[in-house]
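Structural overview for review
One letter stands for each residue in the lines below.
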Amino acid sequence: MTWHIDAPVWEAYAEGRLEPAAELSVESHLVGCPECRSAARSQVPARTADAVWSDVRLTISAPSPSLPQRAMQRLGVAPDDAVVISAADAFLVPWAVAVGFAVVSACVVGLAGLGPASRDAAFLALAPLVPVLAVVTSYDALDPLRELMAPTPYSKLRLALLRAAAALAVAVPATMMIGLVVPHMDDLALAWLAPALGLTLAALVLLTWLEAWVTAVLVASAWVTVVALLRVGDRVDALTTPLGQVAFVVAAGGLVLALVLRTSTLRLQGGEL
Amino acid sequence: MSAIASFDSVSKKYGRAPALRATSLNLHRGVVGLLGPNGAGKTTMLRLLSTALPPSSGRIVVCGFDVTESHADRVEARRRIGYCPQEVTFPRGMTAFAFLDYLAVLKEWTDKGRRHAEVERVLDLVHLGDRGAMKIAKLSGGQRRRLAIAQALVGSPDLLILDEPTTGLDPEQRASLRGLLSGLAGTVLISTHQTEDVSALCDRVLVIDAGAIRFDGTVTELLATAAGRVHLGPAATSGAVQTWKTGTGLVRSVGGQPAPDSSVVDPSVEDAYLLLRSERHTPQGVNP
Amino acid sequence: MFVQQFSDSELLGAIAQGDEAALRELVERHSAWLLLRLRRRTPDQDLAAEALHDAFVAVWRSPRSFRGDGDVGAWLWGIAIRQLVSRLRKRAQPVPMESRMLSALSPTVRSAEDELLVAVEHGSVGDALRSLSPELRQVLQATVIDGLSTREAAHLLGIPQGTVKSRARIAKSKLREQLISLEARS
């Protein structure tokens, strides 16, 4: 190309005063001429490129919501809550733990060749622990960041509950699956829910004092011991009677109270919620 | 001038071992350097002030809120604190931007547009403006250090607490960090074991050793404690705390009885610090 | 890094590696003329600025859709004009341009442009164009110069697709007639 766009043509072009053929000519020329593209900068305010860049940069470096984040938002989770839940993909570990433990539990209950009474006992011992383990791992998942998170004003109780809710969103259906997959479990398919509620809350309360893994071991061994003792005494059905179920719900209510009291009156603690 | 933060007989024990003995002090506007050997209690003091760690006894007040009093007061104090721990274990899969975005949510930046603009601002402050979209795992050590500092800057806190911020930075990055810190409006408390940081940056120096503050004063005051006690001569001074042969062939001695043919030279912050350390049982210049 | 020394296509290579400085340089080089040209396609200045923003974001997300043949400038314009169309289509919400859309820019657009360019520089097309009505010229500009599909041109100009097709047909035949008669006269 031997010619370049001169100042009067630039002005006429920018103001739309060029006649059609000239306008066409300018545009065709621009596409292939770096000198004239560079000269175009004098036709716009000096900070145009800077302004464009600052907006572009904000868009490209802001994380576009991940698939789980978008799914959460579609389910009505607030965008900043979704950021908290999905930080560092921390929800994946508890989900894996929940599904893994649910599969193991289903195998133990369904394939170990237990008699009907022992099978029911095994189911009631293992199923409520699926959500407990999921919640405890969800609490533990961002442990490396705890030192950074502790001195932030964000409510650590809210953080723990958000994470717990995300963990339960997978743990509860996973546990349901055990009851559906293993034959003869229909009558117990929902009986594990009340104990699971109580145990999960107990774990949350314990987490305000103890390390995550200590909490998990403590809750799991205590629960398995209780069910084993009931089995020895042939009283496992006490767990599934209406009275037994109501007792768990009442206990859960008490634990919620304990959790609220514990987190609101808590003096500074290492494992502060 | 009222203090931004204060310690009132604050102590901390891990089990039965005292990490910080009963300490009282006030922090005002400006950069305060906390100098001391490893294990002296620097990190303990910073964690106490940041509310990451509860004291065993005493009262800590930040911006008028007693962090040892109630949860509500502690939350109010936390809204005004930025804290960068000595070591940060990053979630490696996250991008620098996502990491800061997450911490900004925890610092109550709920509006997405304003939060993202704030994240960009602190990225620019630590010269990581063009690294926002990069995975943390791909950042260099110095860049990660600066990212850790950036999260403490979110929201321009009144009280900025940085534990060994210059570790892992090259001289150029250290200089640019100094420029950044000296331009901040609030109170900055940094711990360091690099005496150049203190002389270059700090309005006030605290020297801490074995869980107690041995010195509290300005850099000039710290230098004054070593005046006339650093010598340069052909031979080492007897009883010196530290001696070394300099590039000119002469021996520099800190403390001790000077040899007759040696001359007195201006002390550095490091000299003063070494002398203080050697006299751990006779604290000087400590203002309660 | 001395990004200023790199060619546009080298910049795209660096952008593909996640280099923000390279994108910044591309923005520096191309913002002005793209903005001026976008403003010739819409009276709404904000919309033009938004389309430009979207275009660079699209480049960042799929820099590899540039095939390495032809000019980066032409490729960028193709993205920018499509972002404008997409903004016009859903004024409330920007639609992220998909990479297959970006790579759909066929080299035939360039050759048509080249032919026309040669013709314009020879002068005869100028006279022929002048004889067309503004409506016909607009359609020709959208479909031939900007390389838009009938559907895209319809969105850009705010007229039905059928109208675009018929106007393009009329414009082309008129242009041909004019060129032939001009040739015959000279």
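The structure presented is a predicted model; accordingly, all values stated were derived computationally and were not measured.

Reading the values: rules and limits
- Residues numbered from 1 in each chain as written.
- Chains lettered and ligands numbered in written order.
- Predicted model: local features only at pLDDT ≥ 70, side-chain atom pairs only at ≥ 80, totals over all residues.
- Heavy atoms only, no water.
- Helix = DSSP H or I, 4+ residues; strand = E, 2+ residues; numbered from the N terminus.
- Buried < 20%, exposed > 50% of the residue type's maximum accessible area, 1.4 Å probe, protein only.
- Contact = heavy atoms within 4.5 Å.
- Areas by Shrake-Rupley, 256 points an atom, 1.4 Å probe, with all protein chains shown as cover.
- Pairing = 2+ DSSP bridges.
- Domains from an automatic or database assignment.
- pLDDT = per-residue confidence, 0-100.
- Buried area = accessible area lost by both parts, 1.4 Å probe.
- Salt bridge = Lys/Arg side-chain N within 4 Å of Asp/Glu carboxyl O.
- Polar contact = N/O pair within 3.5 Å; in protein donor to acceptor, adjacent residues only side chain to side chain.
- Nonpolar A, V, L, I, M, F, W, Y, C, P; charged D, E, K, R; others polar.
- Patch = residues over 30% accessible without salt bridge, like charges linked within 9 Å, V, L, I, M, F, W, Y side chains within 5 Å.
- Axes fitted to C-alpha atoms, helices over the stretch in contact; angles between N-to-C directions.
- Core = buried A, V, L, I, M, F, W, Y, C linked by side-chain atoms within 4.5 Å.

**Observations concerning the overall build of chain C**
Regarding its fold elements, chain C presents ten helices and zero strands. The proportion of buried residues among the 186 residues of chain C is 49%. Of the contacts made within chain C by residues no fewer than 6 positions apart, 63% connect residues no fewer than 24 positions apart. Surface accessibility of chain C: about 9000 Å² in total, with carbon and sulfur atoms responsible for 51%.

**Looking at the pairing of strand β2 (residues 17–27) of chain B**
Walk down a regular strand and you will see the side chains alternate between the two sheet faces. Bridge count for strand β1 (residues 5–14) of chain B against β2(B) is seven bridges, and the pairing is antiparallel. Counterpart to S6(B) in the pairing with β2(B) is N26(B).

**Quick look at the domain arrangement of chain A**
Taken as a whole, chain A is organised into domain 1 (7–61) and domain 2 (76–265). Look at where the C-alpha atoms of domain 1 of chain A and domain 2 of chain A centre, and you get two points 62 Å apart.

**So, the confidence of the model for chain C**
Residues and elements named next belong to chain C. Per-chain confidence: chain C averages 77 in pLDDT, with 77% of residues scoring 70 or above. Within chain C, helix α2 (residues 20–39) carries the highest mean pLDDT (92), whereas helix α5 (residues 99–103) carries the lowest (39). Counting interchain partners and residues more than four positions distant, the pLDDT-below-50 stretch residues 92–114 has 35 contacts. With a pTM of 0.72, the predicted complex shows an ipTM of 0.82.

**A closer look at the interface of chain B and chain A**
With 41 residues of chain B in contact, the opposing surface of chain A contributes 32 residues. Of the roughly 3200 Å² buried at the junction of chain B and chain A (both faces included), carbon and sulfur atoms supply 65%. Note that R47(B) is salt-bridged to E147(A), the shortest N-O span being 2.6 Å. Across the contact surface, chain B and chain A share eight residue pairs in polar contact (both at pLDDT 80 or more). For the side of chain B that touches chain A, the secondary structure elements donating two or more residues are α1 (42–50), α2 (71–78), α3 (96–106) and α4 (112–125) of chain B. Sort the elements by how many residues they give to the side of chain B that touches chain A and α3(B) lands first, with eight residues. Of the residues assigned to the side of chain B that touches chain A, the class counts are 20 nonpolar, ten polar and eleven charged.

**A closer look at unusual backbone geometry**
All names here are of chain B. Despite not being glycine, C63 has its phi angle at roughly 50°, a positive value. In this structure, C63 sits in the loop between β4 (57–62) and β5 (65–66). The phi dihedral of H127 falls on the positive side, at around 60°, and the residue is not glycine. Tracing the backbone through its elements, the reader meets H127 in the loop between α4 and α5 (141–153).

**Description of the interface of chain C and chain A**
Contacts between chain C and chain A engage 37 residues on the former and 35 residues on the latter. Buried area between chain C and chain A, summed over both chains or domains, comes out near 3300 Å², and the portion from carbon and sulfur atoms is 68%. In terms of surface lost to chain A, no three residues of chain C exceed W33(C), L36(C) and R40(C), which account for 19% of the buried area on that side. Joining chain C to chain A, the criterion identifies seven salt bridges.

**Comments concerning a nonpolar patch on the surface**
Nonpolar side chains collect at one region of the surface, where M177(A), L180(A) and V181(A) lie side by side and expose about 330 Å² of accessible area between them. For M177(A), the position within the fold is in helix α11 (residues 156–181).

**Some thoughts on the side chain of D197(B)**
Residues and elements named next belong to chain B. Positionally, D197 belongs in helix α7 (residues 195–201). Since its relative accessible area comes to 1%, D197 is described here as buried. In this view, D197 contacts T166, R174, R178, T192 and C202; residues no more than four positions away in its chain are not counted.

**Comments concerning the sheet that holds β5(B)**
Strand-to-strand pairing in sheets goes through backbone hydrogen bonds, with the strands running parallel or antiparallel. Residues and elements named next belong to chain B. If you trace the four strands from one edge of the open sheet to the other, you get β2-β1-β4-β5, paired in antiparallel fashion. For this open sheet the edge positions go to β2 and β5, each flanked by a neighbour on one side alone. In this fold α1 packs onto β1, β2 and β4, with an angle of close to 120° to the strand it touches most, β1.

**So, the nonpolar core**
Judged by nonpolar contacts, the single largest core of 68 residues is most densely connected at F99(B), Y102(B), L147(B) and L162(B). Per element, the largest residue contribution to this core is nine residues, and it comes from α3(B). Membership of the second largest hydrophobic core comes to 60 residues, among which are V31(A), C33(A), L47(C) and V139(C).

**Considerations on the sheet that holds strand β11 (residues 230–233) of chain B**
All names here are of chain B. An order of β12-β13-β11-β14 is seen for the four strands of this open sheet, with the pairing classed as antiparallel. Both edges of this open sheet fall to β12 (242–245) and β14 (263–264), since each of them pairs with a single strand only. Judged from the four bridges that link them, β11 and strand β13 (residues 251–254) form a sheet pairing that is antiparallel. Bridge pairing in β13 places H231 opposite S253. Packed onto the sheet, helix α9 (residues 269–278) meets β11, β12 and β13 and runs at close to 45° relative to β13.

**A look at the side chain of Q151(B)**
Residue position: Q151(B) is located in helix α5. Beyond its immediate stretch of four places on either side in the chain, Q151(B) contacts L148(A), Y83(B), C84(B), P85(B), F99(B), L100(B), L103(B) and K107(B).

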